[in-house]
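Topology and contacts: notes
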Amino acid sequence: MRRQQFIRTALTAIGLVSVLAHAPASAQAYPSRAVKIVVPFAVGGPADVYARFIAQRLSDSLGQSFVVDNKPGAGSVIGTDLAAKSPADGYTLLLMSNTHTVNETLIPVKPFVLMRDFVAVAPINYSDLVLVANPKVAANNLKDLLTFAKANPGKLNYASSGPGTPYHMAGELLKSMADINAVHVPYKGSSGARTDVIGGQVDLMIDGVATMKPFIESGRVRALGVGGTSRNPQLPNVPPIADAVPGFNEDAWVGMMAPAGTPRVAVERLGAEISKL
């Protein structure tokens, strides 16, 4: 009897060790290796900039490498699908934006469902947008631009980083609210769109303030209005688009998500660390 009891106790202990070996690591032990942040947008855009900022700070605070992996295309669907299919172990994260929420209705047939296949980790940031024009466009301000656009429907075009992105939706909102017609020119990422606006291949773009500011200051593009309802401190001399188009208000935001089923200790620790930044 004692022998059988010993065997049962030993087997129970072995089973417990096995369970613990496969259980999620404690908050203190996570992460124990490099973590990948999938960014479903191109290098050089606001989402990429924020991801690299977060990755460096998390690497410093948690003692493991956080590596940014850019997977742009299809308005964020390609990279997001890759993240959704990754192991839910805390070592793959997704840098998401309001593009994702738009795509839930704009692209109803996708290989993933955002709130089913991912869990929220933490909000990161939101930022103003700015409408810019190549200097070749004969408009010194938004009023001039709208007057020209109304007189020449379809002659102007605007670049975006792809369907469903904040830059695309802001452009369509402006067209609708101002009752103008401009041709949408989608790109795989914001870097290509930005480059072609600066180079004069495309007339207009609504972009993030942080990424477009250096080109505004150097005179390579002309700022016509910011997307918020008040002036942006980084561009104090640029009026809101709403001054010329009452009610216009559009911004961009980013956050962090992880595949559904990611251990709670990993989600909570990441959320706590990001909230400190």
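Located above this text is the structure these notes cover.
In this report, the structure presented in the accompanying data block is examined. Residue positions are given per chain, counted from 1 along the sequence in the order it is written. It should be noted that, the model being predicted, local features are given only for residues of pLDDT at least 70 and side-chain atom pairs only at 80 or more, the latter also being counted only at that level, while totals for whole chains, interfaces and linings use all residues. Think of the side-chain values as coming from all heavy atoms in the structure, minus any hydrogens and water.

A few points about the nonpolar core
- Put simply, a nonpolar core is a bunch of buried Ala, Val, Leu, Ile, Met, Phe, Trp, Tyr and Cys residues held in one set by side-chain atoms that sit within 4.5 Å of each other. The buried label goes to any residue with under 20% of its type's maximum accessible area, the exposed label to any with over 50%, and the partly exposed label to all in between, with areas taken from a 1.4 Å probe on protein chains only. If you look at the biggest cluster of nonpolar residues, it comprises 40 residues, and the most contacted ones within it are Val130, Leu131 and Leu145.
- Only runs of H or I of at least four residues qualify as helices and only runs of E of at least two qualify as strands under DSSP, and these elements are numbered from the N terminus. Those elements giving two or more residues to this core turn out to be strand 4 (118-133), helix 6 (142-151), strand 5 (157-160), helix 7 (166-178), helix 8 (190-199), strand 7 (204-208), helix 9 (209-217) and strand 8 (222-226).
- No other element matches strand 4, which puts five residues into this core.
- Note on contacts: a residue pair qualifies if any of its non-hydrogen atoms lie within 4.5 Å across the two residues. Ignoring any residue separated from it by four or fewer positions in sequence, one finds leucine 131 in contact with Leu142, Leu145, Leu174, Leu204, Met205, Ile206, Arg222, Ala223, Leu224, Gly225 and Ile241.
- In terms of nonpolar packing, the next biggest core, distinct from the first, is built from 26 residues, Tyr50, Ala51, Leu58 and Phe66 among them.

Focus: the pattern of salt bridges
- Salt bridges are counted wherever a side-chain nitrogen of Lys or Arg sits within 4 Å of a carboxyl oxygen of Asp or Glu. Under the definition given, this model contains ten salt bridges.
- Put simply, glutamate 104 and lysine 110 hold a salt bridge, and the shortest N to O gap is 3.2 Å.
- Taking the relative accessible area as the measure of exposure, lysine 110 reaches 15% and is therefore buried.
- Measuring nitrogen to oxygen at the nearest pair gives 3.3 Å for the salt bridge that ties glutamate 273 to lysine 276. Here glutamate 273 and its partner lysine 276 are both found in helix 10 (residues 264-276), three residues apart, which amounts to about one turn of the helix.
- When its relative accessible area of 11% is taken as the criterion, glutamate 273 is described as buried.
- Accessibility expressed as a relative area gives 61% for lysine 276, which makes it exposed.

Digging into unusual backbone geometry
- In this structure, the amide linkage connecting tyrosine 30 to the following residue, proline 31, adopts the cis form with an omega of -5 degrees.
- Along the chain, the position of proline 31 falls in the loop between helix 1 (2-22) and strand 1 (35-39).

Looking at helix 3 (residues 77-84)
- When we look at burial in helix 3, the residues that qualify are Val77, Gly79, Thr80, Asp81 and Ala83.
- Taken together, the buried residues of helix 3 touch strand 1, strand 3 (92-97), helix 4 (98-106), strand 4 and strand 9 (251-259).

Observations regarding the side chain of threonine 99
- Within the secondary structure, threonine 99 sits in helix 4.
- In this structure threonine 99 comes out as buried when scored by relative accessible area, which is 0%.
- With sequence-adjacent residues up to four places away left out, threonine 99 is seen in contact with Phe41, Gly75, Ser76, Gly164, Thr165 and Pro166.

Examining the pairing of strand 9
- Most of strand 9 is tucked away, with seven of its nine residues classed as buried.
- At least two bridges found by DSSP between two strands is the condition for calling them paired. The pairing of strand 3 with strand 9 spans four bridges and is antiparallel. The residue bridging leucine 94 from the neighbouring strand is methionine 257, located in strand 9.
- Two elements, strand 4 and strand 9, share nine bridges in a ladder whose sense is antiparallel. Counterpart to valine 119 in the pairing with strand 9 is alanine 258.

Digging into helix 7
- Look at helix 7: 18 Å from first C-alpha to last across 13 residues, which is about the 18 Å you get at 1.5 Å a residue.
- Among the residues of helix 7, Pro166, Tyr167, His168, Ala170, Gly171, Leu174, Lys175 and Ala178 are the ones counted as buried. Given a helix with a known number of residues, its expected span is that number minus one, times 1.5 Å.

Observations concerning the packing of helix 2 (residues 46-62) against helix 10
- In this analysis, axes come from line fits to C-alpha atoms, helices being fitted only over the stretch in contact, and the angle between any two N-to-C directions falls in the range 0 to 180 degrees. The geometry of helix 2 relative to helix 10 is characterised by a closest axis approach of 10 Å and an angle of 110 degrees between their N-to-C directions. Comparing their axes, helix 10 and helix 2 come out roughly perpendicular. In terms of crossing hand, the pair formed by helix 2 and helix 10 is right-handed. For the pair formed by helix 2 and helix 10, the contact residues are Ile54, Leu58, Ser61 and Leu62 on the first element and Arg269, Leu270, Glu273 and Ile274 on the second.
- We call Asp, Glu, Lys and Arg charged. Ala, Val, Leu, Ile, Met, Phe, Trp, Tyr, Cys and Pro are nonpolar, and the rest, Gly among them, are polar. Of the residues assigned to the contact of helix 2 with helix 10, the class counts are five nonpolar, one polar and two charged. When an angle is under 35 degrees it counts as roughly parallel; over 145 it counts as roughly antiparallel; between 65 and 115 it counts as roughly perpendicular; any other value is oblique. Throughout, a crossing is termed right-handed when the near helix is turned clockwise from the far one, and left-handed when it is turned anticlockwise from it by less than a right angle.

Focus on the pairing of strand 7
- Where burial is concerned, most of strand 7 is hidden: five out of the five residues are buried.
- In this structure, strand 4 lies alongside strand 7, joined through five bridges in antiparallel fashion. Considered in strand 7, the bridge of leucine 131 is made with isoleucine 206.
- Two strands pair when backbone bridges link them, and strand 5 and strand 7 are joined in this way by two bridges, in the parallel orientation. Each residue of the ladder has a partner; that of alanine 159, found in strand 7, is methionine 205.

Some details on the packing of aromatic side chains
- Note on aromatic pairs: the rings of Phe, Tyr and Trp (six-membered ring only in Trp) are paired at centre separations within 6.5 Å, and the planes decide the class, stacked below 30 degrees, edge-to-face beyond 60, tilted for the rest. Counted under the stated rule, the structure contains two aromatic pairs.
- Seen in terms of ring centroids, phenylalanine 112 and phenylalanine 118 are 6.4 Å apart; in terms of plane orientation they differ by 85 degrees. Their pairing is edge-to-face.
- Residue class for phenylalanine 112 comes out buried when judged on its relative accessible area of 4%.
- The buried category is assigned to phenylalanine 118, whose relative accessible area is 4%.

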